[in-house]
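Tertiary structure, described
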Amino acid sequence: MTNKPRTLFLTGVTGTLGKEIVRNLLTQTQHKLYVLIRSKPNASHWDRARKILENYGLEKHLGDRVHVMAGDVTLPNLGFSAGDLDLLRKEVDDFYHIAALTALNGSKEDCFRINLGGAQEALKIATDFWQHGHLKRFVYFSTAFVAGSLQTYCSKEDELPLRPVHANFYEASKYEAEKKVREAMRQGLPCTIFRPSIVVGDSQTGEVSEFNVIYPFIRLFAHGILSKLPTRLDNSFNIVPIDFVIQASLAIAHQEDSIQKTFHLITKDPPTVAMLLELKAKEYPKMPPIQVLSPDDFKPGSLAVTEQFVFGMLKPYLGYLNDHLTFDATNTEKALAGTGISFPKTDYEFLKTLTQYAVGAGYLLPQ
Ligand SMILES: NC(=O)c1ccc[n+]([C@@H]2O[C@H](COP(=O)([O-])OP(=O)(O)OC[C@H]3O[C@@H](n4cnc5c(N)ncnc54)[C@H](OP(=O)(O)O)[C@@H]3O)[C@@H](O)[C@H]2O)c1
């Protein structure tokens with residue numbers, strides 16, 4: 001990673017990826033960071049930043065290399081005053097838009113307001129900084145599932161499908177947001193787009209700060225709340241360890257020739273449903289049984305009433321057990337050549353590490 005100090009502006013730094021990005025930037029570069037954080041009723045933006053940095057033992061950087069600004073990506077100008085914008089315009093080299101509503105069961109209104117509306121507001125400010133300041137790059141965190149997890153398709157990095165088949169409003173809103181980023185890119189804004197698949201715990205330890213996105217889904221099965229799963233044993237699901245996403249994105253975002261390109265941050269060899277069941281049988285034999293039914297034979301009406309309710313909640317997740325969406329990762333492969341960072345291994349042992357961490361953290365019940 002380059003050592004030449006730059007000034008970065010970042011949104012989404014209280015989230016799973018954002019926190020780790022800040023940690024890496026503080027420990028591996030000399031960059032100065034401006035971070036947008038929402039104030040919450042029980043904690044100011046400043047308190048929230050301090051808590052995160054204290055967890056990493058990095059609080060000495062507050063007010064020195066880390067400057068915290070109260071804001072909200074759904075507000076005009078991100079909630080910043082003209083004075084705030086003047087300061088940022090003069091200083092910011094790179095703008096990282098990471099914030100999003102990542103709830104796969106989020107409402108249409110909330111997903112579009114935060115994910116599309118937030119990206120539009122971020123793009124408006126970034127374009128201003130590029131035209132009237134000295135912004136060099138807009139880094140945008142999209143998702144591999146902009147292509148829609150409900151279709152048979154090989155998703156290419158430098159394009160969006162014309163007819164995506166989305167499983168939920170999260171995917172649909174991120175698709176529309178990426179469209180806006182691509183429009184801005186065509187108009188000249190220097191952009192780098194990252195598309196992680198489903199981000200899970202660390203490749204070595206399984207550690208993750210939030211059990212979000214796919215974890216609630218795993219918990220429903222692990223705890224026997226739903227007994228039948230409409231999928232196929234050879235279906236795979238694309239998960240990617242968080243350390244790979246952080247290391248790869250930061251390495252690529254520091255390369256000159258990654259501007260105007262998109263990068264899939266995925267596993268090339270995703271685990272299968274059969275592997276998940278093998279893990280359950282070998283490591284957690286006392287867990288309630290799960291019956292895998294072909295989606296063609298699965299009749300939600302045959303479930304018990306309580307299970308029907310749970311199944312309704314699970315619907316937005318089902319696309320992620322669909323084997324049919326694959327990802328070309330040519331740009332990522334080329335960009336990582338020579339960096340020492342390789343595509344992650346997501347085999348049986350990795351699944352075991354992830355579940356062991358979730359059990360140890362009290363998220364999944366022990367046997
Ligand atoms: N995690 C994944 O599996 C995954 C996979 C592919 C792509 N991505 C993308 O990667 C990015 C980061 O994901 P993540 O997993 O780190 O998300 P996360 O843990 O859910 O965190 C979301 C972040 O966005 C912030 N945010 C949400 N609404 C906001 C608003 N109105 N104004 C300001 N900030 C707001 C949150 O702030 P608060 O703390 O204030 O709520 C938090 O910092 C997202 O763009 C996501 O779409 C994630």
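Conventions and cut-offs
Positions within a chain are numbered from 1, following the residues in the order the chain's sequence is written. Local features in this predicted model are restricted to residues of pLDDT 70 or higher, and side-chain atom pairs are both shown and tallied only at a pLDDT of 80 or more, whereas totals for entire chains, interfaces and linings draw on every residue. Each side-chain value is worked out from all heavy atoms of the structure, with water and hydrogens disregarded. A helix here means a DSSP run of H or I that spans at least four residues, while a strand means a run of E at least two residues long, and both kinds are numbered starting from the N terminus. Values of the radius of gyration come from C-alpha atoms, whereas the globule rule sets the reference at 2.2 Å times the count of residues to the power 0.38. Relative accessibility under 20% of the residue-type maximum defines a buried residue, over 50% an exposed one, and the middle range a partly exposed one, all with a 1.4 Å probe and only protein chains included. Any two residues whose heavy atoms approach within 4.5 Å at even a single point are treated as in contact. All accessible areas in this document rest on Shrake-Rupley with a 1.4 Å probe, and a residue is counted as covered only by the protein chains that are shown. A positive count includes Lys and Arg, and a negative count includes Asp and Glu. His and the chain ends are not counted in either. Just so you know, the charge point we use is NZ for Lys, CZ for Arg, CG for Asp and CD for Glu. Here a residue counts as near a molecule or strand whenever at least one of its heavy atoms sits within 4 Å of it. What qualifies as a polar contact is a pair of N or O atoms within 3.5 Å, subject to a donor-acceptor requirement within protein and to the restriction that residues adjacent in sequence count only when both atoms come from side chains. Cavity means a closed set of points on a 1 Å grid over the protein atoms alone, one where a 1.4 Å probe fits but cannot get out, pocket means an open set with protein on both sides within 12 Å along at least 5 of 7 lines, and lining means a residue has an atom within 4 Å of a point. In this description, a molecule resides in a pocket or cavity if more than half of its atoms sit within 2 Å of the grid points defining it. Only Asp, Glu, Lys and Arg are considered charged in this grouping, and only Ala, Val, Leu, Ile, Met, Phe, Trp, Tyr, Cys and Pro are considered nonpolar; every other residue, Gly among them, is considered polar. Strand pairing is assigned whenever DSSP identifies at least 2 bridges connecting the two strands. A fitted line through C-alpha atoms represents every axis, and for helices the fit uses only the stretch in contact; the resulting angles, taken between N-to-C directions, go from 0 to 180 degrees. In this scheme, roughly parallel covers angles under 35 degrees and roughly antiparallel covers those over 145, while 65 to 115 is roughly perpendicular and the rest are oblique. Crossings are sorted by hand: turned counterclockwise from the far helix by less than a right angle, the near helix makes the crossing left-handed, and turned clockwise it makes it right-handed. Grid points are joined across faces, edges and corners, and a volume is the space filled by probe spheres set on the points.

Side note on the overall build of the protein
- Secondary structure assignment for the protein yields 11 helices and 13 strands.
- Rg of the C-alpha trace for the protein: 21 Å, near the compact-globule value of 21 Å for 367 residues, within the 12% margin.
- Principal-axis analysis of the C-alpha atoms gives the protein an extent of 60 × 45 × 45 Å.
- Relative to its 367 residues, the protein shows a buried fraction of 53%.
- Of the contacts formed within the protein by residues at least 6 apart in sequence, a portion of 80% connects residues at least 24 apart.
- If you sum the accessible surface of the protein, you get close to 16100 Å²; carbon and sulfur atoms cover 52% of it.
- Between the mean site of the 40 positive side-chain charges and the mean site of the 40 negative ones, the protein shows a separation of 2 Å.

Topic: the site of the ligand
- Lining the immediate environment of the ligand, one finds 29 residues, of which Thr14, Arg48, Thr102, Tyr170 and Lys174 sit closest.
- Within the backbone of Gly12, an N or O atom sits 3.3 Å from an oxygen atom of the ligand.
- Thr102 has a polar side-chain atom sitting 2.6 Å from an oxygen atom of the ligand.
- If you map the ligand onto the pockets, it falls in the largest pocket.
- Broken down by secondary-structure element, the contributors of at least two residues to the shell around the ligand are helix H1 (16–28), helix H5 (169–186) and strand E8 (198–200).
- Across the shell around the ligand, the residue classes tally to 14 nonpolar, 10 polar and 5 charged.

Concerning the pairing of strand E4 (residues 94–97)
- Here E4 shows a buried face lined by Asp94 and Tyr96 and a second buried face lined by Phe95 and His97.
- Here strand E1 (residues 7–10) runs beside E4; their pairing, made up of 3 bridges, is parallel. Note on E4: the bridge partner recorded for Phe9 is Phe95.
- The sheet contact formed by E4 and strand E5 (residues 137–141) spans 4 bridges and is parallel. Bridged to Phe95 within E5 is Phe138.

Here we look at the packing of helix H8 (residues 273–283) against helix H11 (residues 348–360)
- At a minimum axis distance of 10 Å, the contact between H8 and H11 shows a crossing angle of 60°. Put simply, H8 runs oblique to H11. Between H8 and H11 lies a crossing whose hand is right-handed. Here Met275, Leu276, Glu278, Leu279, Lys282 and Glu283 of H8 lie close against H11, whose contacting residues are Tyr348, Leu351, Lys352 and Thr355.
- Here the contact of H8 with H11 is built from residues that sort into 5 nonpolar, 1 polar and 4 charged.

Considerations on the sheet that holds strand E3 (residues 66–70)
- Reading across from one edge, E3-E2-E1-E4-E5-E7-E11 is the order of the 7 strands in this open sheet, with parallel pairing throughout. Looking along the sheet, the strands with just one partner apiece sit at the ends: E3 and strand E11 (261–265). Taking the axes of each pair of neighbouring strands and ignoring which way they run, one obtains an average angle of 15° across the sheet.
- Sitting on the sheet, helix H2 (residues 45–55) touches strand E2 (32–37) and E3, and the angle it makes with E3 is about 145°.
- Docked against the sheet, helix H7 (residues 242–253) engages E4, E5, strand E7 (191–196) and E11, running at close to 160° with respect to E11.

Considerations on empty space enclosed by the protein
- On inspection of all chains with the given rule, the structure shows 2 cavities of 30 Å³ or more.
- Considering only enclosed or pocket space, the largest cavity measures out at about 430 Å³ in volume.
- Surrounding the largest cavity, 27 residues form its lining, Ile218, Phe237, Leu276, Leu279 and Thr355 being those nearest its centre.
- When residues of the lining of the largest cavity are traced back to their parent elements, those giving at least two are helix H6 (215–222), H8 and H11.
- Among the elements that take part in the lining of the largest cavity, H6 stands out by supplying 6 residues, more than any other.
- For the lining of the largest cavity, a count of residues per class yields 24 nonpolar, 1 polar and 2 charged.
- Approximately 60 Å³ is the volume attributed to the second largest cavity.
- The set of elements that each furnish at least two residues to the lining of the second largest cavity consists of E2 and H2.
- Ranked by the residues each element gives to the lining of the second largest cavity, the list is headed by H2, at 3 residues.

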